[in-house]
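Fold and geometry: a report
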Amino acid sequence: MDERVLLTGAQGRVGQAILGGIADDYEWRLLDREPPAAEPDHEFVVADVTDEEEMREAMADVDVVVHLAGDPRPEAPWESVLRNNIDGARVVYEAAVDTGVEKVAFASSNHAVGHYETERKPDIYRKSSEFRLDGTELPRPSNLYGVSKAAGETLGRYYHDEHDLSVVCVRIGNLTKGHPPKDYERGQAMWLSYRDCAHLFERCIEADYGYEIVYGISDNDRKYYSLERAKEVLGYDPQDNSAEYTMGGELKDDAEREE
Ligand SMILES: NC(=O)C1=CN([C@@H]2O[C@H](COP(=O)(O)OP(=O)(O)OC[C@H]3O[C@@H](n4cnc5c(N)ncnc54)[C@H](O)[C@@H]3O)[C@@H](O)[C@H]2O)C=CC1
Ligand SMILES: O=C1O[C@H](COP(=O)(O)O)[C@@H](O)[C@H](O)[C@H]1O
């Protein structure tokens, strides 16, 4: 694996989950608008993803961009998501085309499709439900943050169709470290473990694709997102399952697992 990978938003939770799993596997250039707290193990660029010149410079000699930087708050105000998420995504795709980057993996969100849950909850959060979203459905954002993620996906579609850039949009569920979200059925259904997160983005760096939308969750018994496309196109092979934990976040023993 000799790809050179630019990781935007590297200091955040998703960035740290990815680096926690595959830091040794690539030649990384990390980018964040916040400087690193300690001496970084990889090349580090302090830059804002809305700055066109800085982003072109950051992508020099890069093969793949994993674009995570943005405002991740479901309640984020329009001014912030317009700038950081929508314009930031546009600048990243544009710089990728200008500099000859091959692939961009874009961190989209469950909130791009959150309103599919409205008329179906809480049943779809339970193991008995067979309802699945598979990535072919139209966006139904649950907030302006979700609108910004749907816009990032659409920008990716445009840069793929117009410029042949390979783009995969990962609708990330709920990433938590160590155990699934506690006492939160929805969170358990869309849990993404740190281990599976690192593996999924490793597949986004390695696999061949044109334009894809996939769901980024672990192999939870409770789920309303299909993993089929991520498995088929990327070779995603998740290892974790929120059903192995109690609602309080404790790993179940064998007897509890059989219940
Ligand atoms: N953590 C989760 O469960 C989920 C995360 N996502 C998406 O994944 C991405 C990463 O999320 P987290 O790591 O949780 O967020 P985070 O807030 O922990 O990390 C985001 C990082 O991006 C940087 N950043 C923000 N705006 C920037 C800008 N304009 N220029 C340069 N750097 C900037 C921040 O300094 C921060 O280090 C976001 O795009 C978020 O929307 C999507 C679904 C779920
Ligand atoms: O996109 C995101 O989704 C997760 C899960 O959403 P929530 O509404 O169930 O908390 C959220 O934790 C994360 O911050 C956000 O970026």
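Here is a short report on the structure shown in this document. Everything quoted here is computed from the prediction, not taken from an experiment. (Residues numbered from 1 in each chain as written. Chains lettered and ligands numbered in written order. Predicted model: local features only at pLDDT ≥ 70, side-chain atom pairs only at ≥ 80, totals over all residues. Heavy atoms only, no water.)

1. Considerations on the sheet that holds strand E5 (residues 103-109)
Spatial strand order, E3-E2-E1-E4-E5-E6-E9: 7 strands in an open sheet with parallel pairing. Only two strands of the sheet have a single neighbouring strand rather than two, namely strand E3 (43-46) and strand E9 (211-216). In this sheet, neighbouring strand axes are inclined to one another by 20° on average, regardless of whether the strands run parallel or antiparallel. As judged from the 5 bridges shared by strand E1 (residues 4-8) and strand E2 (residues 27-32), these two strands associate in the parallel manner. Looking at the pairing, Thr 8 lines up with Leu 31 of E2. (Pairing = 2+ DSSP bridges. Helix = DSSP H or I, 4+ residues; strand = E, 2+ residues; numbered from the N terminus. Axes fitted to C-alpha atoms, helices over the stretch in contact; angles between N-to-C directions.)

2. Overview of the site of ligand 1
The environment of ligand 1 is formed by 25 residues, the closest being Arg 13, Asp 32, Leu 68, Tyr 145 and Lys 149. Contact distances for ligand 1 include 3.2 Å between a nitrogen atom and a backbone N or O atom of Arg 33. One of the backbone N or O atoms of Val 49 is found 3.0 Å from a nitrogen atom in ligand 1. When the free accessible area of ligand 1 is taken as 830 Å², the share hidden by the protein chains comes to 90%. Elements supplying a minimum of two residues to the shell around ligand 1: helix H1 (13-22), E5, helix H4 (144-163) and strand E7 (174-175). Looking at the shell around ligand 1 residue by residue, the classes come out as 10 nonpolar, 9 polar and 6 charged. (Near = heavy atom within 4 Å. Polar contact = N/O pair within 3.5 Å; in protein donor to acceptor, adjacent residues only side chain to side chain. Areas by Shrake-Rupley, 256 points an atom, 1.4 Å probe, with all protein chains shown as cover. Nonpolar A, V, L, I, M, F, W, Y, C, P; charged D, E, K, R; others polar.)

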